[in-house]
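Chain by chain, the residues:
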Amino acid sequence: MHLAALAVVLPTYNEADNLEELIETLFSLPLKNLRLVIVDDHSPDGTGALADKLAQRYNQVQTRISVIHRPQKGGLGTAYVAGFQRALSDGADFVVQMDADFSHSPTYILQMIGVVFATGMDVVIGSRYVPGGSLDETWSWWRSLLSKWANIYCRTVLKIRVRDMTAGFKLWQRSALQDIKLHTIRSNGYIFQVEMAYLSEKLGFHIIELPIHFEDRRVGQSKMNVSVKLESVWRVWELLWRHRKRVSGVREPLTQPRPIMNSGRPAPHR
Ligand SMILES: Nc1nc2c(ncn2[C@@H]2O[C@H](COP(=O)(O)OP(=O)(O)O)[C@@H](O)[C@H]2O)c(=O)[nH]1
Ligand SMILES: [Mg+2]
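Residues numbered from 1 in each chain as written. Chains lettered and ligands numbered in written order. Predicted model: local features only at pLDDT ≥ 70, side-chain atom pairs only at ≥ 80, totals over all residues.

Novice: Just to check I follow, could you spell out helix α4 (residues 108-119) for this structure?
Specialist: Helical periodicity: at 3.6 residues per turn, an α-helix aligns residues three or four positions apart in one direction. With 12 residues, α4 extends 16 Å between its outermost C-alpha atoms, agreeing within 8% with the 16 Å of an ideal straight helix rising 1.5 Å per residue. Among all positions of α4, only Ile109, Met112, Ile113 and Val116 are buried. Viewed along the axis of α4, the buried residues span an arc of 90°, placing them on a single side of the element. Packed against the buried residues of α4 are β1 (6-12), β4 (94-97), β5 (123-127), β7 (170-173) and β8 (207-211). Directly after α4, the chain includes glycine 120, whose backbone phi takes a positive value near 75°. (Helix = DSSP H or I, 4+ residues; strand = E, 2+ residues; numbered from the N terminus. Expected span 1.5 Å × (residues − 1). Buried ≥ 20, exposed ≤ 12 C-beta atoms within 10 Å, placed from the backbone. Arc of directions from axis to C-beta. Contact = placed C-beta atoms within 7 Å.)

See below:
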């Protein structure tokens, strides 16, 4: 397990105060073939330059950090799609997505990968809304309410079972990300998480929700804004319409863990 070719994709916009410590924490995990893909959108606080500096530091023997620089703030969804595509083309067998602000504690990655190795699940969702999961008590009441309401809204309209539809902490098997056909994803704000969860259910993926405690970001500010919220409201209906003819898929039952390594050897990350 500790040899798994795992890539962690980190979208960043003004995360200069978090990035270095986060990278150190991630590389201190007992995961020998861990790689990072940072997708920065020309952050005004210099996150992109810091990412390059850290890449230089960590890439001396082999490439452990790739940095994608985009010219302007392009939204979370397209940042993740670009990062996932890079991770796949670099040969990752497993891809983790997480916020770059410590809301998602890196230590859960070990549990996530353990679950995938034990069960062969396609997707592990770090979930706040299953028993054992929790939200930071210091999150403002309106933010907690918004998050819970958004989940109820999305689950009701889309009729799906995933409890934390807006979760941004997930581990994907390579084959799952390939089956999703990333170039077809249209959501760009936080609703991106919903589109990915919805497609996962529609495609019949084996999904498991692992309870996590979600901490409020340590430093910096949330990038949640009005246009992102509005996109979330109407996009749910667009999703329902776009996939109205799609019959829910069923993957073969998981009687035994499926073989999960692509290659059986550490992937040739560039
Ligand atoms: N590259 C990129 N990253 C973004 C963008 N918007 C948000 N992020 C990153 O996505 C993650 C989640 O955003 P955050 O503001 O923490 O959202 P919140 O936790 O819902 O308040 C963080 O790592 C952000 O830096 C964007 O437009 N482009
Ligand atoms: Mg955050």
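Novice: Got a minute to help me understand the site of ligand 1 in this structure?
Specialist: Near ligand 1, the surroundings consist of 20 residues, among which Pro11, Ala79, Ala100, Ser222 and Lys223 are the closest. Those elements that provide at least two residues to the shell around ligand 1 are β1, β2 (34-40) and α3 (76-89). (Near = placed C-beta within 6 Å.)

Novice: Explanation requested: the sheet that holds β2 in the structure shown.
Specialist: Hydrogen bonds between backbone groups are what pair the strands of a sheet, and the pairing can be parallel or antiparallel. Strand order in the open sheet made by the 7 strands is β3-β2-β1-β4-β7-β5-β8, with mixed pairing throughout. The open sheet has two edge strands, β3 (65-69) and β8, and neither has a second partner. For this sheet the average axis-to-axis angle between neighbouring strands, irrespective of direction, equals 20°. The pairing of β1 with β4 spans 4 bridges and is classified as parallel. Bridge pairing in β4 links alanine 7 to valine 95. (Pairing = 2+ DSSP bridges. Axes fitted to C-alpha atoms, helices over the stretch in contact; angles between N-to-C directions.)

Novice: Where do I start with helix α7 (residues 191-202) in this structure?
Specialist: Relative to the 16 Å expected for 12 residues at 1.5 Å per residue, α7 spans 16 Å between its end C-alpha atoms, a close match to the ideal helical length. Counting buried positions along α7 yields 10 of 12 residues, so the element is predominantly enclosed. Taken residue by residue, α7 has Ile191, Phe192, Gln193, Val194, Glu195, Met196, Ala197, Tyr198, Leu199 and Ser200 as its buried positions. The inward-facing, buried residues of α7 contact α3, β5, α5 (141-158), α6 (174-180), β8 and α8 (226-242). With its phi angle positive at about 75°, glycine 204 sits one or two positions after the end of α7.

Novice: What is the right way to read the nonpolar core from this model?
Specialist: The nonpolar side chains of a soluble globular protein tend to be buried, and buried together. Core analysis: the largest hydrophobic core is formed by 67 residues, its most contacted members being Leu6, Val8, Val9 and Val95. Setting aside residues no more than four positions away along its own chain, valine 8 makes contact with Leu26, Leu34, Leu36, Val96 and Met98. (Core = buried A, V, L, I, M, F, W, Y, C linked by C-beta atoms within 7 Å.)

Novice: Sorry, what's going on with unusual backbone geometry here?
Specialist: Within the chain, asparagine 14 stands out as a residue other than glycine whose phi angle is a positive 60°. As for its placement among the helices and strands, asparagine 14 is situated in the loop between β1 and α1 (16-27). A residue is classified by how many C-beta atoms lie within 10 Å of it, and asparagine 14, with 19 of them, is partly exposed. Of note in the backbone geometry, lysine 159 takes a positive phi value of approximately 55° without being a glycine. Take lysine 159: it is sitting in the loop between α5 and β7. With 11 C-beta atoms counted inside 10 Å, the residue lysine 159 sits in the exposed group.

Novice: Any chance you could explain the confidence of the model for the protein here in plain terms?
Specialist: Where the model shows low pLDDT, its predicted coordinates should not be examined in detail. Summing up the model confidence of the protein, the mean pLDDT is 90 and the portion of residues at 70 or higher is 94%. Low pLDDT, under 50, characterises residues 261-270; the predicted model gives this stretch 19 contacts beyond four residues in sequence or across chains. (pLDDT = per-residue confidence, 0-100.)

Novice: Would you take a moment to explain the environment of lysine 223 for this structure?
Specialist: Its place among the elements puts lysine 223 in the loop between β9 (213-214) and α8. The class of lysine 223 is partly exposed, set by 17 C-beta atoms lying within 10 Å. Separated by 40 residues in the primary sequence, lysine 223 and histidine 183 place their C-alpha atoms 24 Å from one another.

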